[in-house]
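# Secondary and tertiary structure notes
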Amino acid sequence: QGQLVESGGGLVQPGGSLRLSCAASGFTFRSYAMYWVRQAPGKGLEWVSLISSGGGNTNYADSVKGRFTISRDNAKNSLYLQMNSLKPEDTAVYYCAKDRREKTISYDYHYWGQGTQVTVSS
């Protein structure tokens, strides 16, 4: 199923910014929609954003709309999440995830990386 390696997390003050990256390997990255999901302490998995295989379609959870921007570079097999105006409630482990189906947005995704911790605190 390949590899997904997330990076870019850290500790940031409220109102700050971070850029997460996900390096993909072992599958045809450009053929799959990709997602960012997160899990806050003691809570379930929350879908954050998605981007279509070609990058032309994106969508965001209401909780991050207008603050986060998803993007991808298919030449580099990489997925990104630019996070601005961060809030304490954005604190979570962030994972990138791959759609289970090629060339469609099914919202049926799976993730298997380690994730990257984002902590928003003063």
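Here goes a summary of the coordinates provided. What you are looking at is a predicted structure, and each value in this text was computed from that prediction instead of being measured.

### Some remarks on the pattern of salt bridges
All chains considered together, the criterion is met by five salt bridges. Among the ionic pairs, D90 bridges to R38, the shortest N-O distance being 3.0 Å. Within this pair, whereas D90 is found in the loop between β8 (78-83) and β9 (92-102), its partner R38 is found in strand β4 (residues 32-39), the two being separated by 52 residues in sequence. You'll find D90 and R38 in the same group, each marked buried. With its nearest N and O atoms 3.0 Å apart, the salt bridge here joins R100 to D108. The exposure class assigned to R100 is partly exposed, which follows from its relative accessible area of 47%.

### Description of the nonpolar core
Of all hydrophobic cores here, the largest spans 36 residues; its most connected members are W36, F68, L79, L81, M83 and Y94. Of all elements in the fold, only β3 (18-25), β4, β5 (45-51), β7 (68-73), β8, β9 and β11 (116-120) reach the threshold of two or more residues within this core. For M83, the residues in contact, after removing those within four places along its chain, are G16, S17, L18, L20, R67, F68, Y94 and V118.

### Structural notes on the sheet that holds β8
Pairing within the open sheet is antiparallel, and its four strands lie in the order β1-β3-β8-β7. Of all the strands in the sheet, the pair left with one neighbour each is β1 (3-7) and β7. Recorded for the sheet is a direction-independent mean angle of 15 degrees between the axes of neighbouring strands. Judged from the six bridges that link them, β3 and β8 form a sheet pairing that is antiparallel. Paired with L18 across the strands is M83, a residue of β8.

### Some thoughts on the packing of aromatic side chains
Two aromatic rings, taken as a pair, are described by how far apart their centres are and by the angle between their planes. In the structure shown here, the tally under the stated rule is seven aromatic pairs. Joined through ring pairs, the aromatic side chains of F27, F29, Y32 and W112 make up one cluster. K98 extends its terminal NZ or CZ atom over the ring of Y32, reaching a point 3.9 Å from the ring centre.

### Looking at the pairing of β4
Burial analysis of β4 places seven of its eight residues in the buried class, which makes it a mostly covered element. As paired strands, β4 and β9 are joined by seven bridges and run antiparallel to one another. Each bridged residue has a counterpart across the sheet, and for V37 the counterpart in β9 is Y95. Alignment of β4 against β5, held across six bridges, turns out to be antiparallel. By the bridge assignment, Q39 is partnered in β5 with L45. Between the end of β4 and the start of β5, which pair antiparallel, lie five residues, with G42 showing a positive phi angle near 75 degrees.

Thresholds, definitions, all that
Residues numbered from 1 in each chain as written. Predicted model: local features only at pLDDT ≥ 70, side-chain atom pairs only at ≥ 80, totals over all residues. Heavy atoms only, no water. Salt bridge = Lys/Arg side-chain N within 4 Å of Asp/Glu carboxyl O. Helix = DSSP H or I, 4+ residues; strand = E, 2+ residues; numbered from the N terminus. Buried < 20%, exposed > 50% of the residue type's maximum accessible area, 1.4 Å probe, protein only. Core = buried A, V, L, I, M, F, W, Y, C linked by side-chain atoms within 4.5 Å. Contact = heavy atoms within 4.5 Å. Pairing = 2+ DSSP bridges. Axes fitted to C-alpha atoms, helices over the stretch in contact; angles between N-to-C directions. Phe/Tyr/Trp six-rings, centres within 6.5 Å; stacked < 30°, edge-to-face > 60°. Lys NZ or Arg CZ within 6 Å of the ring centre and 35° of its normal.

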